[in-house]
Amino acid sequence: MRLRNKPWAKDKIAAYPQYVIPDPEARRGRWHELFGNDRPIHIEIGTGKGKFITEMAKLHPDVNFIGIELYPSVLVSALDKLIESELPNVRLLNANAKDLTSFFADGEIARIYLNFSDPWPKKRHEKRRLTYRDFLALYDRILSADGDIHLKTDNQSFFEYSLVSLSQYGFVLAAVQLDLHRSDIVGNVMTEYEEKFSAKGNRIYRCEALRPPQQS
């Protein structure tokens, strides 16, 4: 993905701390205080320009959403959507997914969305894939006992890798769609990439994985 640099993006993000939380470490274990309710929290890792998370928040006002994006030049587009919509149940983080356990307490998150993550196809970059076992260990910590992961991608190799990685770690595959847009899934909210790829005729792959059962 080529990123168009926006030198002003960091300044704009800093000007809206009510939407892009500048101190997520201080919120660890206390995100419900920020939202002002005890509703479940869903996070999207790699929230991009924010289409998915803002539309999900409109459809599900009973859920709190947090979008995490590493690149300020991308996140600023999600911020614009949030400023325009003034959705009360969305917050954004300009942060790296490697630091998830610094931002969220054990069991604090009900669901994680991984939408069109960078597949990092070269073997030497395997550890960068968001379904590599080290990332799965982070997800396992922050997910609630009945928490889950929802993943979508157009990359068949990455999807196959993710299914194996999730299963080997201990996540339980609850649903697998090999052609999402020809499945019976209702209420699918598309990301920017999903619209682009599906318009080209690309098949979209999807799965749901339940947090590993805990030893009693």
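Residues numbered from 1 in each chain as written. Predicted model: local features only at pLDDT ≥ 70, side-chain atom pairs only at ≥ 80, totals over all residues. Heavy atoms only, no water.

What is the right way to look at the sheet that holds strand β1 (residues 41–45) in this model?
Remark on secondary structure: sheet strands pair via backbone hydrogen bonds, oriented parallel or antiparallel. As summarised here, the arrangement of the 7 strands in space is β3-β2-β1-β4-β5-β7-β6, forming an open sheet in which the pairing is mixed. Edge positions in the sheet fall to β3 (90–94) and β6 (172–177), since each of these pairs with one other strand and no more. Averaged over all adjacent pairs, the angle separating strand axes in this sheet is 15°, with direction ignored. When β1 meets strand β2 (residues 64–69), the two strands line up parallel, connected through 5 bridges. Looking across to β2, one finds that E44 is bridged to G67. The strands touched by helix α6 (residues 133–142) within the sheet are β1, β4 (109–115) and β5 (143–153), with β5 carrying the most contacts at an inclination of about 140°. Across the face of the sheet, helix α7 (residues 156–169) comes into contact with β5, β6 and β7 (205–210) while running at roughly 10° to β7. (Pairing = 2+ DSSP bridges. Helix = DSSP H or I, 4+ residues; strand = E, 2+ residues; numbered from the N terminus. Axes fitted to C-alpha atoms, helices over the stretch in contact; angles between N-to-C directions. Contact = heavy atoms within 4.5 Å.)

Just to check I follow, could you spell out the UniProt feature "binding site: S-adenosyl-L-methionine" in the chain for this structure?
The UniProt entry lists E44, E69, N96 and D118 under the feature "binding site: S-adenosyl-L-methionine", expressed in the numbering used here. These residues run over 75 residues, yet every pair of their C-alpha atoms falls within 13.8 Å of each other. By the secondary structure assignment, E44 is in strand β1. Among all residues touching E44, those that are not within four sequence positions of it are F52, I53, I66, G67, I68, Y113 and N115. At 2.6 Å, the side chain of E44 forms a polar contact with the side chain of T47. (UniProt positions renumbered as here; feature names shortened; annotations may be inferred. Polar contact = N/O pair within 3.5 Å; in protein donor to acceptor, adjacent residues only side chain to side chain.)

Please explain the side chain of E108 as it appears in this structure.
Within the secondary structure layout, E108 lies in the loop between α5 (100–103) and β4. At 6.4 Å, R28 is the nearest oppositely charged side chain to E108, a buried residue that forms no salt bridge. Side-chain polar atoms of E108 contact the backbone nitrogen of A105, separated by 2.8 Å. Residue contacts for E108: discarding those within four places in its chain leaves R27, R28, G29, R30, W31, I41, F103 and I142. (Buried < 20%, exposed > 50% of the residue type's maximum accessible area, 1.4 Å probe, protein only. Lys, Arg positive; Asp, Glu negative; His and termini not counted. Salt bridge = Lys/Arg side-chain N within 4 Å of Asp/Glu carboxyl O.)

When you look at a positive patch on the surface in this model, what are you seeing that I'm missing?
A contiguous patch of positive charge on the surface is contributed by R4, K49, K196 and K200. Mapped onto the fold, R4 is located in the segment before α1 (9–14). (Patch = residues over 30% accessible without salt bridge, like charges linked within 9 Å, V, L, I, M, F, W, Y side chains within 5 Å. Areas by Shrake-Rupley, 256 points an atom, 1.4 Å probe, with all protein chains shown as cover. Charge placed at Lys NZ, Arg CZ, Asp CG, Glu CD.)

What is the right way to read the packing of aromatic side chains from this model?
Two aromatic rings are characterised by how far apart their centres lie and by the angle between their planes. For the coordinates displayed, the defined rule picks out 9 aromatic pairs. Seen from their ring centres, F52 and Y113 are 5.1 Å apart, and the 65° between their planes marks the pair as edge-to-face. With F52 in helix α3 (residues 51–59) and Y113 in strand β4, this pair connects stretches of sequence that are 61 residues apart. Judged by its relative accessible area of 5%, F52 is buried. On the numbers, 5.7 Å between centres and 35° between planes, the contact of Y169 with F171 is tilted. (Phe/Tyr/Trp six-rings, centres within 6.5 Å; stacked < 30°, edge-to-face > 60°.)

I would appreciate a short explanation of the nonpolar core in the present structure.
As a rule of thumb, nonpolar side chains are buried together in soluble globular proteins. Core analysis: the largest hydrophobic core is formed by 36 residues, its most contacted members being I43, I45, F104, I112 and Y139. If we skip the residues at most four places from it in the chain, I43 touches I66, I68, L100, F104, I109, R111, I112, Y113 and I142. Counting residues in each nonpolar core, the second largest holds 18 residues, with I13, V63, V90 and L92 among its members. (Core = buried A, V, L, I, M, F, W, Y, C linked by side-chain atoms within 4.5 Å.)

Would you mind going over the UniProt feature "active site" in the chain with me for this structure?
Under the present numbering, the feature "active site" in UniProt falls on D118. Relative to the assigned elements, D118 resides in the loop between β4 and α6. Residue D118 is classed as partly exposed on the basis of its relative accessible area, which comes to 41%. At 3.0 Å, the side chain of D118 forms a polar contact with the backbone nitrogen of W120.

Help me understand the pairing of β4 in this model?
A regular strand carries its side chains on alternate faces of the sheet. Of all 7 residues making up β4, 5 are buried, and the element is well covered by its neighbours. Strand direction decides the pairing type here: β1 and β4, joined by 4 bridges, are parallel. Note on β4: the bridge partner recorded for I45 is L114. Here β4 runs beside β5; their pairing, made up of 6 bridges, is parallel. Note on β5: the bridge partner recorded for Y113 is H150. On the question of chirality, the crossover connecting β4 to the parallel β5 by way of α6 is right-handed. (Right-handed = clockwise from strand over helix to strand, strands pointing away.)

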